[in-house]
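# Per-entry structural report
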Amino acid sequence: VRSVQSTQDLLHLSSGSSMSSSLLRTVADDASLASLISTTSNVVVHFGASWCDPCKAMNDIMETLASESAASSSSSDSQNQRTVFAYCDAEILEDSAETYGVTSVPTFLVFREAKVVKTIEGADGGQLAQAVSTYCSSSVKGSEGLKTTSGTTVMKATSNKETENVKPDDGGKETEEELQKRLIHLTTVQPVVLFMKGNRESPQCGFSRKSSEALTNAGITYGTFDILSDENVRQGLKVFSDWPTYPQLYLNGELAGGNDIILEMAADGTLKTECEQAIEKWTKAKTERTNKRIESILAQSKDILLFMKGSPNEPKCGFSSKVVNALNETGEEYDTFDILKDDEIRQGMKVYSDWPTFPQLYYKKELLGGCDIVLEMGADGSLKDEITK
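What counts and how
- Numbers given for residues are sequential positions, taken from 1 along each chain in its written order.
- Predicted model: local features are reported for residues with pLDDT of at least 70 only, side-chain atom pairs are reported and counted for 80 or more only, and whole-chain, interface and lining totals are derived from all residues.
- Hydrogens and water are ignored here; the side-chain numbers use all heavy atoms of the structure.
- Helix numbers and strand numbers start at the N terminus; a helix is a DSSP run of H or I with at least 4 residues, a strand a run of E with at least 2.
- Buried, partly exposed and exposed residues are distinguished by accessible area as a fraction of the type maximum, computed with a 1.4 Å probe on protein chains only: under 20%, between the cut-offs, and over 50%, respectively.
- Throughout, a contact is declared for two residues whenever any of their heavy atoms are within 4.5 Å.
- Residue-level accessible areas treat just the shown protein chains as cover; the underlying method is Shrake-Rupley with a 1.4 Å probe.
- Throughout this description, a polar contact denotes any pair of N or O atoms lying within 3.5 Å of each other; where both atoms belong to protein, one of them has to be capable of donating a hydrogen while the other can accept it, and for residues adjacent in sequence the pair is counted only when both atoms sit in side chains.
- Here the rule is simple: two strands pair whenever DSSP picks up at least two bridges between them.
- Simply put, an axis is a line fit to the C-alpha atoms, just over the touching stretch for a helix, and the angle between two N-to-C directions goes from 0 to 180 degrees.
- Should an angle fall under 35 degrees it is called roughly parallel, over 145 degrees roughly antiparallel, and 65 to 115 degrees roughly perpendicular, with every other angle called oblique.
- Throughout, a crossing is termed right-handed when the near helix is turned clockwise from the far one, and left-handed when it is turned anticlockwise from it by less than a right angle.
- Asp, Glu, Lys and Arg are counted as charged, while Ala, Val, Leu, Ile, Met, Phe, Trp, Tyr, Cys and Pro are counted as nonpolar; the rest, among them Gly, fall into the polar class.
- Only buried Ala, Val, Leu, Ile, Met, Phe, Trp, Tyr and Cys residues count toward a nonpolar core, and they belong to the same one when joined by side-chain atoms within 4.5 Å.

Turning our attention to the overall build of the chain. If you tally the helices and strands in the chain, you get 14 helices and 15 strands. Across the 389 residues in the chain, those meeting the buried criterion constitute 46%. Contacts spanning at least 24 positions in sequence make up 69% of the contacts within the chain whose residues lie at least 6 apart. Per element, the accessible surface of the chain, about 18,800 Å² overall, is 48% carbon and sulfur.

Note on placement: Glu-344 falls in helix α12 (residues 343–352). What makes Glu-344 buried here is its relative accessible area of 9%. A polar contact is formed between the side chain of Glu-344 and the side chain of Arg-289, at a distance of 3.5 Å. Among the polar contacts listed, one links the side chain of Glu-344 to the side chain of Thr-290, at a separation of 2.8 Å.

Here the focus is unusual backbone geometry. In this model, Tyr-246 is joined to Pro-247 through a cis peptide bond whose omega is 10 degrees. Mapped onto the elements, Pro-247 comes out in the loop between α8 (231–241) and β10 (248–251). Note the cis peptide between Phe-358 and Pro-359, where omega equals 5 degrees. Note that Pro-359 resides in the loop between α12 and β14 (360–363). Unusually for a residue other than glycine, Glu-113 sits at a positive phi of about 50 degrees. Locating Glu-113 in the fold gives a position in the loop between β4 (107–112) and β5 (115–121). Accessibility expressed as a relative area gives 56% for Glu-113, which makes it exposed.

So, on to the sheet that holds strand β12 (residues 304–308). Taking strand neighbours across the sheet as the criterion, the 4 strands line up as β13-β12-β14-β15 in an open arrangement whose pairing is mixed. The two strands at the open ends of the sheet, each matched to only one other strand, are β13 (335–338) and β15 (366–369). Averaged over all neighbouring strand pairs, the angle between strand axes comes to 30 degrees, with direction disregarded. Sheet topology places β12 next to β14; 4 bridges connect them, and they run antiparallel. What sits directly across from Leu-305, in β14, is Tyr-362.

The 4 strands lie next to each other as β9-β8-β10-β11, forming an open sheet whose pairing is mixed. Strand pairing shows two members of the sheet lacking a second neighbour, β9 (223–226) and β11 (254–257), which therefore form its edges. If you compare each strand with its neighbour and ignore which way they point, the axes differ by 30 degrees on average. For strand β8 (residues 192–196) and β9, the ladder comprises 4 bridges, and the chain directions are parallel. Bridge pairing in β9 places Phe-195 opposite Phe-225. Most of the contacts of helix α7 (residues 206–217) go to β8, to which it runs at about 165 degrees, and overall it touches β8 and β10. Lying over the sheet, α8 contacts β8, β9, β10 and β11, oriented at roughly 60 degrees with respect to β10.

So, on to the packing of α7 against helix α9 (residues 259–268). Remark: α7 packs on α9, axes separated minimally by 9 Å, with the N-to-C direction vectors making an angle of 30 degrees. Taken together, the axes of α7 and α9 are roughly parallel relative to one another. Remark: the crossing between α7 and α9 carries left-handed chirality. For the pair formed by α7 and α9, the contact residues are Phe-207, Lys-210, Ser-211 and Ala-214 on the first element and Asn-259, Ile-262, Leu-263 and Ala-266 on the second. Among the residues making up the contact of α7 with α9, the classes are represented as 5 nonpolar, 2 polar and 1 charged.

Here we come to the nonpolar core. The biggest cluster of nonpolar side chains holds 21 residues, and the ones touching the most others in it are Val-27, Leu-33, Val-45, Phe-47, Cys-88 and Val-105. Of all the secondary structure elements, the ones that give two or more residues to this core are α2 (30–39), β2 (42–48), β3 (83–89) and β4. Residue contacts for Phe-47: discarding those within four places in its chain leaves Leu-33, Cys-88, Ala-90, Leu-93, Ser-96, Ala-97, Tyr-100, Val-102, Val-105, Pro-106, Thr-107 and Leu-109. Residues Phe-85, Val-110, Ala-123 and Ala-129 belong to the second largest nonpolar core, which totals 18 residues.

Spatial relationships are all this shows, so hold off on functional conclusions.
As structure tokens, this is what we get:
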């Protein structure tokens, strides 16, 4: 049995494979993913994002693992008994990401008989290979010695990199001012953030494990940041917080404390209360900020504005394509906003409009409706009348 010595070895092994013969499936929509999971015994799913460099590196590793799995599968295995490796864009398959609790990229889910048996947050090739070896029979030749390609990109995936842990491109050099801005961003990007060693699936010290478990047991939704993946953050946050050790819990941008304080709060019940208060305050502030952005977009656009997935020339879903065609048939000029490129607007519009789906058509800052309503109006001739009055 061969042991792959490092993540770099996996990348090297996969570099010679042809993209045309890729064994890594790209899943285009939520329905396709649901079908794949329900009809295949073993599925390994990578939830990533196009802007995330660690996701790209991990896809190369997924290719290698898929190749090894295929090579070791028995020729007598039926199609649905073999392990399938799949990639999903977390921003496009938003419903699936929400269903499975994906809050960071890259995140990997291992399914057996349509049930999640393992979740891995972060670009950890060794842990991924070990999970595949453990849960998907003997499909992987070895994972010994594998190391992480980089740390997890913590928090919710957004195409404008609002929550990405952005590092400078000049070989790791970072000015004090740049680090301060990044620390402010990382401590405020979610209402509850635990800076820890490792992540909730694989804590790298006992204190981090206890703090993470306390938050999980309290039923709190929280983000994590692996300080072992970023030395600048690891050292800089000690000064920023005036707190010398880890883990550190931040609530709405303010330090709540370390492990001892977290466990004390969990014991007396204040951990859940204070986290919930922080979430409520943060959510309210974010909603107000997002609403102002939406109102600004409406004010600066043409009278007819379509919030859609993709663009008129390249719609990213059938409903958006149908509404674009209906608008084109009216001959009227209109603007569009691609909600796939701005997750804050995408989520905020659902609340602002009190309308849960896309596309959404606005006329003079007022919602006309979604796909079904627009198509009905187009069919009975009222659409043109409505958007020209």
